[in-house]
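Observations on the model geometry
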Amino acid sequence: MNLSNDSAKYGVGQYRFAHNYDLKDKRFTIAADGKKYGLTFNGKQELTFDAGDKPLTIGYECLKIDKQVYFVRFGMRVAALDTENGLATLVLPEGYVFGVIEGSQAAPDKRHTFSEEMVGTAVRWVFGVGRFTDRIYFEEARCRASFSPKEEAFAFYRTKAVKIKEGMFLVDVEGQVPEFICVPPGSDRILVLEDYEHMLFAGCITGKAGTIMVGGYGDFHDYDEALFK
Amino acid sequence: MNLKDYPRKEYNIQQLTQPPCFDLQGERFYFVMDDGYDYELNILDHENLEWSKEGSAPKREFYRCLKSDDTTYILHYEVKGAEQRTGHTYVIDREQRLVTMLRCKLGENPKFPMIVSSHFDFGAIQVEGEYLPFKRHCYSNEIMGTTVQWHWRSNFFTQHYYYTSDHYRITVPSRISTAMEFGGATSKKPGSDEWSRYIKIKENMFLFVLVEAYSERLVGGAGNFRSNNMAFLQNYDRMYHVGRSFGTGMRPDGSSFPINMLFGAFGQPVELDPAFLSYPNPFTV
């Protein structure tokens, strides 16, 4: 029996890595701009987020992108935790928070930051068999993106990129995707960690249909120069 | 900058390896094995463990671990101080509480000491107060007929054909030859077929193990080739594998070096040339 298959079972989530449980039973306090945020992982599936008002206990999903870098989604919030360098980025409904993990060796003034370093990059991120997005990061605040099977149909999307460490970025692409493509209809945000050393990515797609965790690999292709303008 | 030009390391088959997993740190496993010798693993932290064979003192090793799904792990260590290089690889299946152990050794074949031997054993994970599962991971032909293309790194793919219970066949895109034409000495072989084993771990997940034994016998030491034992934990729902390679490599100057590394790749269906699929295995009667 030929066991090779397309993405019928998991769709755009096919290449997602296994959930990671490294953080279970760990607690992090993230200090940023005079405020403290607590993240307590109560086992493999639930965490408590404390932003100083009413603590929120909620389910989480964690994917690992590097030896000590994690993408954690809890509800509509995301934490990118770099436990090697002691830095964290929180993506909250009220905006981005760049903090330092208390008790780490991070220099007091060091933070993740928005970055334009990716401008000039064109990359294909593959979610599963025959399912991918082409990205052309042609300016800091916008990218051109297309999705299989309509890979020729590029459109503009709002873009933010946060430098997590050398060769690694948290990339936030927002905008309504077209119909009949590889990601669920109604999707309007794709937030992933992109690792240009290993050419792996991990993150999530959100929209009307809910949230789906994704992962996979990247590759480079040749694109029309005009798409970079 | 165009991150295509990012100054990344030079990778062989390691680039798309998923990150190492530290899930198991702090855990202790007791494996009841079918060959009568039980094993215990005490995972001390994210890189050190103690292992013991029933009746023996615990030994401390450096280990690495990858996950194929949320509950299935491949864990490997090389036994320090062994007279002949020895590796232990476990597939730890927490969902079914089952384990497959692969013990590998160099030097068992006096004529070809670089060929890595493979000894498999199956067992169950004992948990206090729980029954011991009687099911086992098992050798399986279910995967026979599978053709798959594995993407290892930018512009490097291999295509596998799993066709009998003890061999597999490999080529690379655009080549239909049964010879493995990676530009090295292995292209002198009459075919790319190599010894292999297929073990079913669960539905759509298999441990595929190959040994580059014919290559070692026919061209070992020439053209910078030495052989390895490669264990792939393949997840066909996700179409990816994680695994490890244990054996020997050879530098351009002819000196050899130990290989003990993790790897991984993403798969996709592939149609292979009928001539490639039907070519007789030149190594069997």
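Note that the structure is predicted; figures quoted are calculated from it, not measured.

1. Concerning the pattern of salt bridges
All chains considered together, the criterion is met by 29 salt bridges over all chains. Across the salt bridge formed by Lys9(A) and Asp237(B), the nearest N and O atoms sit 3.0 Å from each other. Of this pair, Lys9(A) sits in the segment before β1 (27-32) while Asp237(B) sits in the loop between β15 (228-235) and β16 (240-250), which puts the two residues in different chains. Classification of Asp237(B) by relative accessible area gives buried; the value is 14%. The partner of Lys64(A) in a salt bridge is Asp22(A), and the shortest N-O contact between them spans 2.6 Å. Taken as a pair, Lys64(A) in strand β5 (residues 61-66) and Asp22(A) in the segment before β1 lie far apart in primary sequence, 42 residues in all. Judged on exposure class, the residue Lys64(A) and its partner Asp22(A) are both buried.

2. A look at the interface of chain A and chain B
Tallying the contact residues gives 46 residues for chain A and 45 residues for chain B. Carbon and sulfur atoms supply 49% of the area that chain A and chain B bury against each other, a total of about 3,900 Å² over both sides. Three residues, Leu3(A), Glu197(A) and Tyr217(A), lead the burial of chain A against chain B; their summed loss comes to 16% of the area buried on that side. Counting the contacts that link chain A with chain B gives two salt bridges. At the boundary of chain A with chain B, the tally comes to 30 residue pairs in polar contact (both at pLDDT 80 or more).

3. Describing the environment of Met118(A)
Tracing the backbone shows Met118(A) in the loop between β10 (113-114) and β11 (121-128). With relative accessibility at 3%, the residue Met118(A) sits in the buried group. Put simply, Met118(A) and Pro185(A) are 67 residues apart on the chain and 28 Å apart in space, counted from C-alpha to C-alpha. Excluding its chain neighbours within four sequence positions, the residues that come into contact with Met118(A) are Tyr137(A), Ala161(A), Phe169(A), Val171(A), Glu194(A), Tyr196(A), Met1(B) and Leu3(B).

What counts, and at which threshold
- Residues numbered from 1 in each chain as written.
- Chains lettered and ligands numbered in written order.
- Predicted model: local features only at pLDDT ≥ 70, side-chain atom pairs only at ≥ 80, totals over all residues.
- Heavy atoms only, no water.
- Salt bridge = Lys/Arg side-chain N within 4 Å of Asp/Glu carboxyl O.
- Helix = DSSP H or I, 4+ residues; strand = E, 2+ residues; numbered from the N terminus.
- Buried < 20%, exposed > 50% of the residue type's maximum accessible area, 1.4 Å probe, protein only.
- Contact = heavy atoms within 4.5 Å.
- Buried area = accessible area lost by both parts, 1.4 Å probe.
- Polar contact = N/O pair within 3.5 Å; in protein donor to acceptor, adjacent residues only side chain to side chain.

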